[in-house]
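# Notes for the structure review
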Amino acid sequence: MSNPPKFTTLGCRLNAYESEAMRELSEAAGLDDAVIVNTCAVTAEAVRKARQEIRRLRRENPDARLIVTGCAAQIEPETFAAMDEVDHVIGNTEKMRPDTWTALAADFIGQTERVMVNDIMSVTETAGHLIDGFGRHRAYVQVQNGCDHRCTFCIIPYGRGNSRSVPAGVVVDQIKRLVDKGFNEVVLTGVDLTSWGADLPATPRLGDLVMRILKLVPDLPRLRISSIDSIEVDENLLAAIATEPRLMPHLHLSLQHGDDLILKRMKRRHLRDDAIRFAEEARRLRPEMTFGADIIAGFPTETEEHFVNSLKLVDDCGLTWLHVFPYSARPGTPAARIPNKVNGTVIKERAARLRAAGEAQVQRHLEAQIGRNHRVLMEKPRLGRTEQFTEVSFAQDHAEGQIVAATIVGRDGNRLTA
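Residues numbered from 1 in each chain as written. Predicted model: local features only at pLDDT ≥ 70, side-chain atom pairs only at ≥ 80, totals over all residues. Heavy atoms only, no water.

In terms of helices and strands, the protein carries 13 helices and 19 strands. Taking 2.2 N^0.38 as the reference for a compact globule, 418 residues should give roughly 22 Å; the C-alpha atoms of the protein span a radius of gyration of 22 Å, in line with that estimate. Summarising its shape, the C-alpha atoms of the protein cover approximately 65 × 55 × 50 Å along the three principal directions. A buried classification covers 56% of the 418 residues belonging to the protein. The contacts in the protein between residues at least 6 apart in sequence include a share of 74% that link residues at least 24 apart. Looking at the protein as shown, the accessible area adds up to about 18,100 Å², and 51% of this sits on carbon and sulfur atoms. (Helix = DSSP H or I, 4+ residues; strand = E, 2+ residues; numbered from the N terminus. Rg over C-alpha atoms; globule rule 2.2 N^0.38 Å. Buried < 20%, exposed > 50% of the residue type's maximum accessible area, 1.4 Å probe, protein only. Contact = heavy atoms within 4.5 Å. Areas by Shrake-Rupley, 256 points an atom, 1.4 Å probe, with all protein chains shown as cover.)

Okay, structure coming up:
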């Protein structure tokens, strides 16, 4: 009797998407009795957690083949190859290739190369393997991988390679299939989403892709964009924000900080005023627009004055959904070599202040929704999300994946009630 592979996914949404793709590839290849760990490398702590998880999984699955892949495996293959618990280490390119899984499935006597990790910087195309669905309510479509930028705190380009785009026609065809399967919302995802198209003929922009999807897939009720770099937003994306109600009024911004000097030391390409200007313009075009944002607390050399500029940015940009990251040095990044580190206790305290500011913004947003009508995509029988990605709880059951018209009557914690 076959025993399909088990997957453990660490890190980002893109990793979760790729784990689903690997599940399809490994099952199609007939791989049995295997545990696959899809790792994250964003911080040293992420790598430590991956090693800890591998040891736990080996204890729980003593006879299974244990395969490690993902960004940490790509960047530090020797770290995982040295672990007695690990049978195979597979790179980020190799994990998306059907022949990798076919070779592993056919390997009954352990002849397959133990470490299969090639130079990801030599990869020029995004893997063409696409999954037709991810969950039962919302589908994620990977349209881009890799990153050409070199922020001083970030190791991810060395795990993902340079930026590569999926051609628009391929993306549109997949979204048509997803709509035919009954999905009412599709999310475009990638490592550096706003760089989509730079490597394609005629160098289209992300806004061109969005407009093309909305035009060629008229039956798609909701299109959502994941994290973007606001400095790269093009005119067509702004036009879509202004004119396309099927493009959801929620953008997650990769901001990282609110002080110009720290942004320069991070090697970001925007300044504080650029972020504020974009938020104001997006809200002018779409008054109901809400923003999430990534902000790092305690980057090396950050003073209290620098930090306060990040704190003020929450109000200045009207950020609602914050992802706050206490800075931790990632070996291999330029920032790890910057002297004048911020004290760990101070970093935690600043991160807590940022989270408190974000929480206050969430409560203001929730209060403003009471009495308003929303269209809610159901994620569970009694839980869904508005167009602005706000959670809504219901007293009665609704079908998962259905879009329900609802009047907001109150709030409960960080959720609306309908």
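It is worth spelling out the sheet that holds strand E13 (residues 319-326) at this point. One open sheet holds the three strands; their spatial order is E11-E12-E13, and the pairing between them is parallel. If you trace the sheet from one side to the other, it starts and ends with strand E11 (250-256) and E13, each paired once. Going from strand to strand, the sheet's axes swing by 20° on average, the running direction of each strand aside. Sheet topology note: the strand E12 (residues 290-297)/E13 ladder contains seven bridges and is parallel. Paired with Ile295 across the bridge in E13 is Val324. Taken strand by strand, helix H11 (residues 272-285) contacts E11 and E12, and its axis lies near 165° from that of E12. Relative to the sheet, helix H12 (residues 304-316) contacts E11, E12 and E13, its axis offset from that of E13 by approximately 155°. (Pairing = 2+ DSSP bridges. Axes fitted to C-alpha atoms, helices over the stretch in contact; angles between N-to-C directions.)

Turning to the packing of aromatic side chains, a few remarks are in order. Scanning all chains against the criterion turns up two aromatic pairs. Seen from their ring centres, Phe299 and Tyr327 are 5.5 Å apart, and the 70° between their planes marks the pair as edge-to-face. Residue Phe299 is located in the loop between E12 and H12, and its partner Tyr327 is located in the loop between E13 and helix H13 (344-369); the two are separated by 28 residues in the primary sequence. Residues Phe299 and Tyr327 agree in their burial class; the two are buried. (Phe/Tyr/Trp six-rings, centres within 6.5 Å; stacked < 30°, edge-to-face > 60°.)

A word on the pairing of strand E9 (residues 185-189). Along any regular strand the residues' side chains alternate between the sheet's two faces. When you tally the buried positions in E9, you get five out of five residues, the bulk of the element. Covered by surrounding structure in E9 are Glu185, Val187 and Thr189 together with Val186 and Leu188, the residues of both alternating faces. Of the strand pairs in this sheet, strand E6 (residues 139-142) and E9 are connected by four bridges, and their pairing is parallel. Of the residues in E9, the one forming a bridge with Gln142 is Thr189.

The subject of this paragraph is the pattern of salt bridges. Counted under the stated rule, the structure contains 29 salt bridges. Put simply, Arg222 and Glu185 hold a salt bridge, and the shortest N to O gap is 2.9 Å. Taken together, the residues Arg222 in strand E10 (residues 222-225) and Glu185 in strand E9 connect sequence positions 37 residues apart. Here the two residues Arg222 and Glu185 agree in accessibility, since each one is buried. Here the salt bridges share partners, and the residues they tie into one network are Arg138, Glu185, Arg222, Arg224, Glu379, Arg385, Glu391 and Arg415. (Salt bridge = Lys/Arg side-chain N within 4 Å of Asp/Glu carboxyl O.)

Right, let's get into helix H9 (residues 235-243). Residues of H9 that are buried: Leu237, Leu238, Ala240 and Ile241. In a view along the axis of H9, the buried residues occupy a sector of 155°, so they form one face of it. Of the exposed residues in H9, the ones pointing more than 90 degrees away from its buried face are Glu235 and Thr243. Buried-residue contacts for H9 involve helix H8 (206-216), E10, E11 and H11. (Arc of directions from axis to C-beta.)

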